[in-house]
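Descriptive structure summary
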Amino acid sequence: MTEFGWPTGGISYGGDYNPEQWPRHVWDEDVALMRQAGVNLVSVGIFSWALLEPREGEFDFGWLDDVLDLLHRNGIAVDLGTPTAAPPAWFYDAYPHARVVTRDGVALGPGSRGMVSPSSPEYRAAAVRVAGELARRYADHPAVVLWHVHNEYGAPVGEDFSPAAVAAFREWLRERYGTLDALNAAWGTAFWGQVYGSWEHVGAPAATASTPNPAQRLDFARFTDHQLRASFCAERDAIRAHAAQPVTTNFMAHQSWNTDLWRWAQEVDIVSDDHYLWSPDRDAHLGLAIAADLTRSVARGKPWMLMEHSTSAVNWQGHNIAKRPGEMHRNALTHLGRGADAIMFFQWRASRSGAEKFHSAMLPHAGTGSRVFREVVDLGEKLGRLAEVQGSRVRADVAVLYDWESLWAQDLEWRPSDELGFRERVRAYYERLWRDGVPVDFAHPEDDLSGYRLVVAPASYLLTAAAAKNLTGYVEQGGTLLVSCFSGVVDEHDAVHEGGFGAPLRTALGVAVEELLPIRGEDTAHVELDGTLLPTDVWSEHLVLDGAEVRGTYRGGPADGLPAVTRHALGAGTGWYVSTRLGVAALAPVLAAVYADAGVTPTAPGDGVELMTRHGADHDYLVAVNHREDAATLEVVGTELLSDTVAEGSYRLAPGDVAVFRTSATAPGGGR
Amino acid sequence: MTEFGWPTGGISYGGDYNPEQWPRHVWDEDVALMRQAGVNLVSVGIFSWALLEPREGEFDFGWLDDVLDLLHRNGIAVDLGTPTAAPPAWFYDAYPHARVVTRDGVALGPGSRGMVSPSSPEYRAAAVRVAGELARRYADHPAVVLWHVHNEYGAPVGEDFSPAAVAAFREWLRERYGTLDALNAAWGTAFWGQVYGSWEHVGAPAATASTPNPAQRLDFARFTDHQLRASFCAERDAIRAHAAQPVTTNFMAHQSWNTDLWRWAQEVDIVSDDHYLWSPDRDAHLGLAIAADLTRSVARGKPWMLMEHSTSAVNWQGHNIAKRPGEMHRNALTHLGRGADAIMFFQWRASRSGAEKFHSAMLPHAGTGSRVFREVVDLGEKLGRLAEVQGSRVRADVAVLYDWESLWAQDLEWRPSDELGFRERVRAYYERLWRDGVPVDFAHPEDDLSGYRLVVAPASYLLTAAAAKNLTGYVEQGGTLLVSCFSGVVDEHDAVHEGGFGAPLRTALGVAVEELLPIRGEDTAHVELDGTLLPTDVWSEHLVLDGAEVRGTYRGGPADGLPAVTRHALGAGTGWYVSTRLGVAALAPVLAAVYADAGVTPTAPGDGVELMTRHGADHDYLVAVNHREDAATLEVVGTELLSDTVAEGSYRLAPGDVAVFRTSATAPGGGR
Amino acid sequence: MTEFGWPTGGISYGGDYNPEQWPRHVWDEDVALMRQAGVNLVSVGIFSWALLEPREGEFDFGWLDDVLDLLHRNGIAVDLGTPTAAPPAWFYDAYPHARVVTRDGVALGPGSRGMVSPSSPEYRAAAVRVAGELARRYADHPAVVLWHVHNEYGAPVGEDFSPAAVAAFREWLRERYGTLDALNAAWGTAFWGQVYGSWEHVGAPAATASTPNPAQRLDFARFTDHQLRASFCAERDAIRAHAAQPVTTNFMAHQSWNTDLWRWAQEVDIVSDDHYLWSPDRDAHLGLAIAADLTRSVARGKPWMLMEHSTSAVNWQGHNIAKRPGEMHRNALTHLGRGADAIMFFQWRASRSGAEKFHSAMLPHAGTGSRVFREVVDLGEKLGRLAEVQGSRVRADVAVLYDWESLWAQDLEWRPSDELGFRERVRAYYERLWRDGVPVDFAHPEDDLSGYRLVVAPASYLLTAAAAKNLTGYVEQGGTLLVSCFSGVVDEHDAVHEGGFGAPLRTALGVAVEELLPIRGEDTAHVELDGTLLPTDVWSEHLVLDGAEVRGTYRGGPADGLPAVTRHALGAGTGWYVSTRLGVAALAPVLAAVYADAGVTPTAPGDGVELMTRHGADHDYLVAVNHREDAATLEVVGTELLSDTVAEGSYRLAPGDVAVFRTSATAPGGGR
């Protein structure tokens with residue numbers, strides 16, 4: 001893969017810019033205000049297909065020429081979008097069979113956003129054509145420093161049951177399995193008499209009388225990811241045929257169910273991510289941190305772009321909370337502290353019309369006199385002081401396993417409990433690590449994990465034999481592995497591992513899971529750990545020891561008296577198993593013991609003060625974010641870059657404030 | 001428009017009469033019992049299409065002749081229905097494409113109730129034909145004093161996505177906008193790349209991958225209202241071609257989303273309304289009062305008919321509460337006190353079969369020995385004593401703004417909060433006024449408001465520039481205006497007003513809304529007003545003063561310390577703004593201050609005692625309803641008509657009781 | 001009907017066996033372990049259509065020959081299934097019009113389980129063909145002792161709106177009503193103008209704008225039951241053409257809405273039932289007891305088979321609770337105590353793949369070393385000691401009325417309250433009787449009830465005139481009848497009885513129901529009975545006495561001061577009426593009074609100790625199950641068969657334990 005320089009000097013700053021929503025005279029004001037705000041990069045043309053190709057095959061680039069020229073004249077670089085996330089009305093009219101069809105057979109029409117079927121050959125051809133025409137025209141435009149293909153693949157269009165999709169799924173399966181016998185075996189079709197005798201009978205898991213075959217659904221999730229990715233690659237290649245700038249597409253690291261970002265990140269030149277706070281979450285900055293770490297991890301540690309976030313409220317949740325003064329700065333700096341070298345927003349100027357007019361913007365409806373615009377200008381100014389941070393890297397000693405295939409599988413119908421979820425467990429373990437001040441990478445279970453002191457598997461329901469072997473080897477070689485309940489249950493075909501639940505981890509953990517024992521409804525139980533009773537709920541398991549020592553024991557509940565938390569010494573390492581759904585607080589003493597085994601040192605200066613370090617060639621950069629309502633005292637020696645002041649050992653970080661310190665470089669380390 | 005006399009002598013009393021559900025011998029008993037009950041008007045033939053036109057184009061009026069003759073012989077007048085709310089099964093069979101189609105593409109079949117597509121030419125033709133045939137036959141029948149077109153337009157059939165509807169919508173849009181450019185501008189289609197290049201591509205907002213264009217949805221709501229209204233007008237005109245009696249159709253003032261009654265009321269000769277209590281509401285008589293005032297208001301103050309209410313329980317709610325002894329009388333008298341000159345029920349005799357057999361009736365399943373029938377007879381007797389009230393009018397000094405277009409717009413997807421609703425705010429402000437004993441009219445924001453001392457705008461999210469100008473002028477000329485939060489936000493195209501939220505009201509209110517600050521989930525905050533802390537939730541705003549004085553300040557919540565309630569002196573008047581969602585109790589001190597500005601005097605003799613005055617040519621009539629469980633003492637001089645007793649200054653109104661006093665006339669006044 | 005001997009010696013024990021899910025070498029292990037577990041019967045081939053007929057008309061019985069031979073060689077008998085609950089993928093492909101269509105028009109595809117349309121002629125032909133071929137081949141196979149047609153008719157496929165179903169419904173209606181006039185009268189189509197003028201216009205109650213005609217829906221429920229039953233009968237007859245073994249199909253007594261088991265039980269040679277605990281129910285063994293008594297009752301007292309239950313957790317509920325040690329034994333013995341002579345499981349060996357891999361099995365994923373397998377072996381051993389119990393009968397002095405037609409009718413839209421349900425009331429009255437230790441049969445309201453001392457009608461909303469006459473005669477002849485609220489409301493056409501609610505029971509109960517008075521939302525009221533205040537909610541009625549005495553009076557609520565519970569002496573008997581929804585505890589004093597009238601003696605030795613007696617030719621067998629967490633002392637003289645110990649008057653039943661005593665025979669009695 002080509003190595004590309006960073007698209008802008010220093011940290012990129014800006015947002016989606018949709019001048020087509022405004023009269024021409026507004027554009028000049030826009031550009032002047034962008035300069036005032038320190039904007040150096042904008043994303044243009046994301047939803048402009050109907051304007052760029054008003055009739056099939058007829059292109060009108062004049063207005064876009066004007067926009068790019070104007071931006072360039074003002075020193076603002078452009079991330080140029082392909083508009084294929086919103087096909088024009090004429091496309092729907094000309095190719096009605098390209099429409100996405102829901103599981104229940106409803107064909108989705110125009111007048112909103114969202115692509116048509118990623119399996120439609122007509123859509124693929126039209127998308128490639130418009131991407132190619134854009135690339136041909138703007139390959140050499142000096143404003144264009146990056147290509148932005150499509151928008152947020154996987155939302156709102158994910159699974160598609162159109163005839164084109166069914167046909168493509170069949171071909172994909174043929175490719176994957178080769179023979180019907182292999183497919184029948186993989187899907188376990190002998191169950192419920194689903195054996196296929198002809199490829200022509202194999203279809204998508206559309207509406208059925210009862211639950212569809214879970215392996216079929218899992219493969220359909222893989223296929224959905226594949227088709228979306230193939231759509232991306234086709235556009236990317238059409239661009240590369242003409243243009244030399246890097247190509248990205250904006251991920252949604254912690255909010256998409258439909259894209260396996262480990263695979264996607266291999267296809268883009270620069271990883272970028274969109275992130276929005278979830279209003280009901282009082283600690284939504286935790287979700288933000290997860291997304292940022294996950295994005296950096298799929299980027300394999302390379303700098304990435306925060307392509308979209310919001311200056312204040314969004315509009316598409318049920319009850320949309322606005323950001324309070326300073327919150328945007330904290331959010332932006334957390335992204336930066338976790339590896340983002342671009343801080344971008346949706347969008348520059350708030351739309352007067354359409355579905356997102358209540359989405360906040362850099363320039364809100366209230367105009368330049370508003371708090372939001374003042375903070376936008378201030379943030380631009382601050383980021384301008386951080387140019388030297390660009391390119392520095394984050395390191396972690398701890399890896400948290402994250403596998404979209406396991407997420408897909410655990411979310412299928414008819415699991416032992418709907419109340420035990422992939423994301424809930426990832427969040428709980430991540431939050432424990434965050435509150436303890438332990439930096440983490442995310443990793444795929446089959447990754448080389450040897451650089452990490454500790455590997456945490458919060459939700460590895462689906463775990464291949466290869467992954468289990470990888471984890472076992474990791475322990476044998478001296479690693480510390482912490483596995484959460486309901487892990488290692490099924491293989492890549494959603495078939496229970498031979499030997500029973502958790503069988504492939506038996507060597508690593510020294511324990512067998514005889515039976516799953518969900519805790520009834522509103523009941524709770526406890527785990528007794530070193531004399532303390534930790535409350536738990538929803539889930540317990542009947543463990544049978546096979547070498548492990550008991551560290552926690554169930555008190556109450558269906559597993560009363562049985563082992564709850566175990567520790568197993570294997571080779572040079574240690575395997576821990578937590579067989580129940582402990583909350584964030586209850587995880588604290590468990591993790592403390594695990595840290596001790598792993599040689600990991602918690603560093604949190606206080607709950608709610610977030611410290612992140614980026615390692616540059618010559619310096620380290622300590623990014624500090626105070627989420628608390630009181631001041632925090634940091635122990636730090638270095639220069640605070642935002643205020644250009646020197647910290648000589650101690651620094652008072654005001655309530656809600658942020659700081660970035662240039663410090664002396666530490667020795668390399670961490671997982672990557 | 002022709003001025004019609006009232007259809008009956010005195011107050012009309014009766015209900016829907018469906019003799020076709022019963023054998024012939026029952027009819028004679030029916031009529032005898034109607035006479036016993038004082039019934040003078042019944043609605044006939046509402047659902048009789050299949051009997052009147054058993055095969056397409058073949059009419060059978062014999063049975064209806066018998067019914068009308070029988071009723072006429074017994075002195076009971078007839079409100080004759082057109083049966084088009086329930087097309088016969090043969091119609092569905094002959095014209096399957098006329099079926100209503102849901103947003104998801106499901107075509108709705110026969111065997112229930114509800115019209116087919118109001119956009120279907122075949123339906124229109126058939127409806128006009130049967131209405132015309134009825135009018136031709138019964139134009140001169142002496143029993144027929146009123147025509148009752150259809151039934152409850154807008155329910156259960158509202159939005160329709162059939163091919164006929166899509167085609168008609170396109171034509172309606174062409175008519176409305178003239179050019180595609182105008183439509184693209186109005187809908188803001190540049191957003192999300194929805195620009196239309198051909199009228200043929202413009203459709204209804206059926207199922208889409210994400211949220212449809214809100215301006216398109218708003219126009220589709222207008223179109224839905226228009227098509228239903230056009231259906232009504234076509235039938236009305238077919239009747240007028242033959243018959244001279246007035247024509248009505250029964251509205252559902254506070255329960256329909258699909259009809260803009262300001263427009264509908266202009267098309268009928270007499271306004272009529274159906275009203276049913278909402279069982280979960282412990283103060284369902286408040287909803288009743290709103291509906292009655294709204295009905296009178298769309299009738300522009302003229303007498304109106306309560307076409308349907310219930311003697312006791314209904315059947316179509318989840319858990320249907322029966323009325324308790326006396327409650328029917330209270331309900332009936334509240335309608336009357338708020339301007340109704342007809343008190344009618346659905347239905348005369350309870351059906352043994354069908355979907356509504358558990359709906360109460362004037363003659364219940366339990367027969368004439370029942371409490372309900374005794375109360376029906378008693379009510380008939382009482383209403384007979386009120387003949388002189390017929391034709392008198394209600395006056396109010398306060399107007400509450402109510403605009404269906406704003407209701408439609410605020411209910412669309414992706415607003416800042418689903419928890420802030422049009423109806424909830426209308427109810428809260430209305431309830432405050434009701435408990436304070438302040439009579440109100442409802443008004444459209446573009447109405448002449450100069451006759452009112454106070455105008456309250458509880459939910460004017462959509463407010464046109466013309467309406468804002470109207471309200472500003474009203475204040476300048478000395479009016480008192482009270483505006484609730486999230487008002488003046490968008491124009492008629494659901495586009496945010498230039499200048500930001502509330503910009504068109506900035507002159508009237510002396511305040512700008514910089515940002516919307518919904519209060520998180522279960523949180524509450526307070527408004528400090530004159531030293532008192534008023535609890536609030538769900539909503540706050542960041543206000544910037546532009547001339548107004550601060551009357552209430554946020555304590556806690558995202559707007560802590562900012563202005564919450566403001567008062568602005570403009571010209572001869574005053575503009576108040578309440579930027580949060582205060583409950584009924586918390587509104588009390590705010591309204592008290594507003595009343596003082598407006599010169600409005602609360603008159604409630606006690607919470608739960610409802611006083612309503614109708615003004616006749618020579619006398620006033622004070623209608624009193626005691627919702628309390630203890631007696632109330634009224635200050636009144638006059639003759640209590642129901643008991644024919646004289647009140648010489650004080651009258652004891654027993655718990656749950658009603659009274660109607662003839663008093664001396666007061667001077668004219670009020671909004672109309 | 002032929003009388004068949006019991007399929008196995010002694011109590012049948014085993015489960016579904018699906019060897020096709022496993023490689024051949026596993027089969028030998030299976031059979032060896034079955035022998036270890038005492039298995040003597042397995043159900044084979046339930047979902048094997050795609051393997052038995054891999055292409056249309058081509059049969060492959062080789063593997064099944066092997067399975068049956070292997071089982072037979074090991075002394076394990078076979079219940080041979082017809083595989084028609086899961087048509088092969090080729091069937092869906094060849095006959096797309098045979099697919100089930102939902103009310104909203106969605107056609108259900110393959111890849112799950114569930115039959116196609118029971119009204120499809122193509123399906124019927126294919127099902128009969130495969131059943132016939134199986135019967136031809138295996139009629140004389142010595143392993144086959146029973147035929148198991150299909151699987152759980154009614155789930156997941158119930159109502160079907162396919163074109164074939166609509167056509168068949170029309171024919172069924174023609175057969176039922178003869179003339180359109182009769183249909184129009186029965187359905188009350190005069191209401192809402194639904195009168196049919198042509199059979200061709202009559203359809204299924206598919207999607208409509210408002211509520212469909214309830215009598216049409218009720219008939220559609222009857223039709224659905226009829227079509228499923230006709231499917232069964234066609235397969236049964238195809239088997240009988242070749243084979244002499246008895247034929248069954250597995251019912252779901254308390255969990256199916258779609259089958260009227262009174263009718264079904266007449267069509268099978270041996271009644272069998274599937275039962276699974278409902279996880280949210282902390283007393284799920286109550287639901288089990290209901291199902292078992294209901295199954296025995298539809299079998300008219302003859303021995304029946306528990307065809308499926310689970311060794312531990314199921315997988316298809318939201319949160320699936322595992323059985324605790326001993327619970328499987330208690331469940332099995334309760335079934336046996338209530339008349340089951342077969343204790344079978346789904347399934348023998350847990351599936352690795354497919355939708356039910358988390359369903360427990362006799363041989364779980366954890367293998368033979370597991371608690372579950374140990375208990376399975378132990379249960380087999382215990383049941384082996386109970387061979388002499390086989391064939392003995394249960395007797396009861398009390399009948400609880402249960403009528404699927406009433407369940408269907410009460411569940412239709414637009415009843416007075418969604419919160420008053422058929423099953424809830426059946427459970428409440430049954431639970432009261434269970435806790436009082438009173439054995440019951442279920443009975444149909446038109447059954448001969450003369451053998452019972454007490455008849456309880458918990459939910460007889462639909463009650464025909466014939467049934468009411470039957471109940472009245474029962475009272476007159478000396479019976480005690482206890483009727484719960486909202487009974488006798490409609491006839492077989494869901495039409496309110498002439499004379500009002502409950503009119504046909506007026507003679508029996510001496511009371512008329514003037515009005516239904518649901519209690520509002522969260523409100524409660526009380527019934528004063530003999531000086532005690534019993535709490536109640538949801539429902540009350542306005543009763544008018546017609547001969548009955550008042551035993552309980554409403555205190556509070558809408559019926560305050562009115563009669564709540566009445567007792568009426570008629571002829572030699574007594575009719576009780578409880579007009580509100582009393583809970584299990586509040587029913588205790590009411591039932592105590594009723595027992596006294598009926599001469600029924602409660603026998604419970606303590607809440608949670610379940611005693612059941614089976615009466616054999618020479619002995620009685622007392623089955624005791626202790627659901628408590630402490631030991632119980634039983635008064636019993638006899639031999640405890642499981643431990644082969646003698647009880648000489650007193651027996652200590654350990655917490656959670658079970659026992660079966662051979663005691664001396666008592667005199668015959670009971671309802672049947």
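Structure: see above.
Residues numbered from 1 in each chain as written. Chains lettered and ligands numbered in written order. Predicted model: local features only at pLDDT ≥ 70, side-chain atom pairs only at ≥ 80, totals over all residues. Heavy atoms only, no water.

1. Section: the relation of the copies chain B and chain C
Under the fitted operation, chain B is carried onto chain C by 0.0 Å of movement along the axis and a turn of 120°, and the coordinates agree to an RMSD of 0.0 Å. Those values place the two copies in the arrangement expected of a three-fold rotation axis. (Least-squares fit on C-alpha atoms with pLDDT ≥ 70 in both.)

2. A short note on the interface of chain B and chain C
Between chain B and chain C, the contact holds 50 residues from the first and 51 residues from the second. For the pair chain B and chain C, the summed buried surface comes to about 4300 Å²; carbon and sulfur atoms form 57% of the total. Three residues, H319, R352 and F358 of chain B, lead the burial of chain B against chain C; their summed loss comes to 17% of the area buried on that side. In this assembly, chain B and chain C are joined by six salt bridges. A salt bridge links R282 of chain B to D523 of chain C, with the nearest nitrogen and oxygen atoms 2.7 Å apart. (Contact = heavy atoms within 4.5 Å. Buried area = accessible area lost by both parts, 1.4 Å probe. Salt bridge = Lys/Arg side-chain N within 4 Å of Asp/Glu carboxyl O.)

3. Some thoughts on the environment of L529 of chain A
All names here are of chain A. Within the secondary structure layout, L529 lies in strand β16 (residues 524-529). A residue is classified by how much of its surface remains accessible, and L529, at 4% relative accessible area, is buried. Counting along the chain gives 60 residues from L529 to P589, while the straight-line C-alpha distance between them is 8.1 Å. (Helix = DSSP H or I, 4+ residues; strand = E, 2+ residues; numbered from the N terminus. Buried < 20%, exposed > 50% of the residue type's maximum accessible area, 1.4 Å probe, protein only.)

4. Regarding the interface of chain A and chain B
On the chain B side, the residues contacting the 50 residues of chain A number 52 residues. In total, chain A and chain B occlude about 4300 Å² of area from one another, counting both sides; carbon and sulfur atoms represent 57% of this. On the chain A side of the interface with chain B, the three residues burying the most area are H319, R352 and F358 of chain A, jointly 17% of the side's total. Where chain A meets chain B, there are six salt bridges. Between R352 of chain A and D491 of chain B there is a salt bridge whose closest N-O contact spans 3.5 Å. Going through the elements one at a time, α2 (49-52), α4 (89-94) and α12 (371-384) of chain A are the ones with two or more residues in the side of chain A that touches chain B. With three residues, the top contributor of residues to the side of chain A that touches chain B is α4 of chain A.

5. Re unusual backbone geometry
Residue A155 of chain A is joined to P156 of chain A through a cis peptide bond whose omega torsion reads 0°. Within the secondary structure layout, P156 of chain A lies in the loop between β4 (144-148) and α6 (163-177). Note that the residue after F346 of chain B, namely Q347 of chain B, is joined by a cis bond; omega there is -5°. We note that D494 of chain B has phi near 55°; this positive angle belongs to a residue other than glycine. Mapped onto the elements, D494 of chain B comes out in the loop between β14 (480-484) and α16 (506-509). Residue class for D494 of chain B comes out buried when judged on its relative accessible area of 0%.

6. Comments concerning the environment of F501 of chain B
Tracing the backbone shows F501 of chain B in the loop between β14 and α16. On the accessibility criterion, F501 of chain B (10% relative accessible area) is buried. Put simply, F501 of chain B and S487 of chain B are 14 residues apart on the chain and 7.8 Å apart in space, counted from C-alpha to C-alpha. Ignoring sequence-local partners within four residues, the contact set of F501 of chain B consists of F358 and H365 of chain A together with G488, V489, V496, V513 and L516 of chain B.

7. A short note on helix α12 (residues 371-384) of chain C
Across its 14 residues, α12 of chain C extends 20 Å between first and last C-alpha, which sits within 8% of the 20 Å expected from 1.5 Å per residue. Residues of α12 of chain C that are buried: R371, V372, F373, E375, V376, L379, G380, K382 and L383 of chain C. Where the residues of α12 of chain C are buried, they touch β15 (511-516) of chain A together with β1 (12-17), α1 (24-37), α11 (327-337) and β9 (340-345) of chain C. (Expected span 1.5 Å × (residues − 1).)

8. Looking at the pairing of strand β20 (residues 563-570) of chain A
It is a general feature of regular strands that their side chains alternate between the two faces of the sheet. Residue and element names in this part refer to chain A. Among the eight residues that make up β20, seven are buried, leaving the element largely enclosed by the rest of the structure. In this sheet, β20 lies alongside strand β19 (residues 549-555) in antiparallel orientation, the contact comprising four bridges. Bridge pairing links T553 to P563 in β20. With six bridges joining them, β20 and strand β21 (residues 573-578) adopt antiparallel strand pairing. Bridged to A569 within β21 is T574. Between β20 and β21, which pair antiparallel in sequence order, lie two residues; one of them, G571, sits at a positive phi of approximately 55°. (Pairing = 2+ DSSP bridges.)

9. Looking at the packing of aromatic side chains
One pair of aromatic rings is described through two measures. These are the centre distance and the angle between the planes. The final tally for this structure, using the stated rule, is 108 aromatic pairs over all chains. Aromatic side chains W49 of chain C and F91 of chain C sit 6.4 Å apart centroid to centroid with 35° between the ring planes, which places their arrangement in the tilted category. Remark: F91 of chain C occurs in helix α4 (residues 89-94) and W49 of chain C occurs in helix α2 (residues 49-52); sequence separation between them is 42 residues. Each member of the pair, W49 of chain C together with F91 of chain C, is buried. In textbook terms, an aromatic cluster arises when at least three aromatic residues are bridged by ring pairs, as seen for F161, F169, W172, W187, Y196, F220 and F223 of chain A. For R423 of chain C, the ring lying beneath its charged end belongs to W257 of chain C, and the centroid distance is 4.2 Å. (Phe/Tyr/Trp six-rings, centres within 6.5 Å; stacked < 30°, edge-to-face > 60°. Lys NZ or Arg CZ within 6 Å of the ring centre and 35° of its normal.)

10. Quick word on the pairing of strand β11 (residues 398-401) of chain B
Residue and element names in this part refer to chain B. Side chains V398 and V400 of β11 all project onto a buried face; the interleaved residues A399 and L401 project onto the opposite face, where all are buried too. Across three bridges, the pairing between β11 and strand β13 (residues 454-457) is parallel. If you follow A399 over to β13, its bridge partner there is V455.

11. Things to note about the sheet that holds strand β23 (residues 609-615) of chain C
Residues and elements named next belong to chain C. Pairing in this open sheet of six strands is antiparallel, and the strands run β10-β23-β24-β27-β25-β26 from one edge to the other. The two strands at the open ends of the sheet, each matched to only one other strand, are β10 (393-394) and β26 (645-653). Where strand β25 (residues 632-640) lies against strand β27 (residues 658-664), two bridges are found, and the strand directions are antiparallel. Looking at β27, one finds that T639 is bridged to R662. Relative to the sheet, α11 contacts β10, β23, β24 (619-626) and β27, its axis offset from that of β24 by approximately 150°. (Axes fitted to C-alpha atoms, helices over the stretch in contact; angles between N-to-C directions.)

12. What about the sheet that holds strand β7 (residues 272-274) of chain C?
Residues and elements named next belong to chain C. Taken together, the nine strands give an open sheet; going across it, the order is β5-β4-β3-β2-β1-β9-β8-β7-β6, and neighbouring strands pair in parallel fashion. In this open sheet, the two strands that pair with only one neighbour each are β5 (247-248) and β6 (250-251). In the sheet, strand β3 (residues 77-81) pairs with strand β4 (residues 144-148) via four bridges, with the strands oriented parallel. Opposite V78, over in β4, you have V144 as the bridge partner. Along the sheet, helix α5 (residues 121-138) contacts β3 and β4; its crossing angle with β4, the most-contacted strand, is approximately 175°. Of the strands in this sheet, β8 (304-308) and β9 are in contact with α11, which crosses β9 at around 145°.

13. Describing the pattern of salt bridges
A full pass over the atoms with the stated rule returns 168 salt bridges over all chains. A salt bridge links R425 of chain A to E424 of chain A, with the shortest nitrogen-to-oxygen separation between them at 2.8 Å. Under the relative-accessibility criterion, R425 of chain A is labelled buried at 2%. Of the charged contacts, one joins D597 of chain B and R567 of chain B as a salt bridge, the two residues approaching to 2.6 Å between their closest N and O atoms. Taken together, the positions of D597 of chain B in helix α17 (residues 584-598) and R567 of chain B in strand β20 (residues 563-570) put the pair 30 residues apart, joining distant regions of the chain.

14. Thoughts on the environment of G561 of chain C
All names here are of chain C. When you line up the elements, G561 lands in the loop between β19 (549-555) and β20 (563-570). Classification of G561 as partly exposed rests on a relative accessible area of 44%. C-alpha separation for the pair G561 and E528, spaced 33 residues apart in sequence, amounts to 9.5 Å. Excluding anything up to four places from it in sequence, G561 contacts T553, Y554 and R555.

15. Overview of the side chain of E514 of chain B
Its place among the elements puts E514 of chain B in strand β15 (residues 511-516). An unpaired buried charge is present at E514 of chain B: no salt bridge exists, and R374 of chain A, the closest side chain of opposite charge, is 4.8 Å distant. A distance of 2.6 Å separates a polar side-chain atom of E514 of chain B from the backbone nitrogen of R371 of chain A. For E514 of chain B, the residues in contact, after removing those within four places along its chain, are A366, G369, S370, R371 and V372 of chain A together with H542 and V544 of chain B. (Lys, Arg positive; Asp, Glu negative; His and termini not counted. Polar contact = N/O pair within 3.5 Å; in protein donor to acceptor, adjacent residues only side chain to side chain.)

16. Topic: the nonpolar core
The nonpolar side chains of a soluble globular protein tend to be buried with one another. Core analysis: the largest hydrophobic core is formed by 182 residues, its most contacted members being L71, L80, W147, L333, I343 and L386 of chain A. Looking at this core, the element that brings in the most residues is helix α17 (residues 584-598) of chain A, giving nine residues. Setting aside anything within four residues of it in sequence, one finds L333 of chain A in contact with L379, L386, M612, V623, V625, V658 and V660 of chain A. Listed in part, the 181 residues of the second largest apolar core include L261, A289, L336 and L505 of chain C. (Core = buried A, V, L, I, M, F, W, Y, C linked by side-chain atoms within 4.5 Å.)

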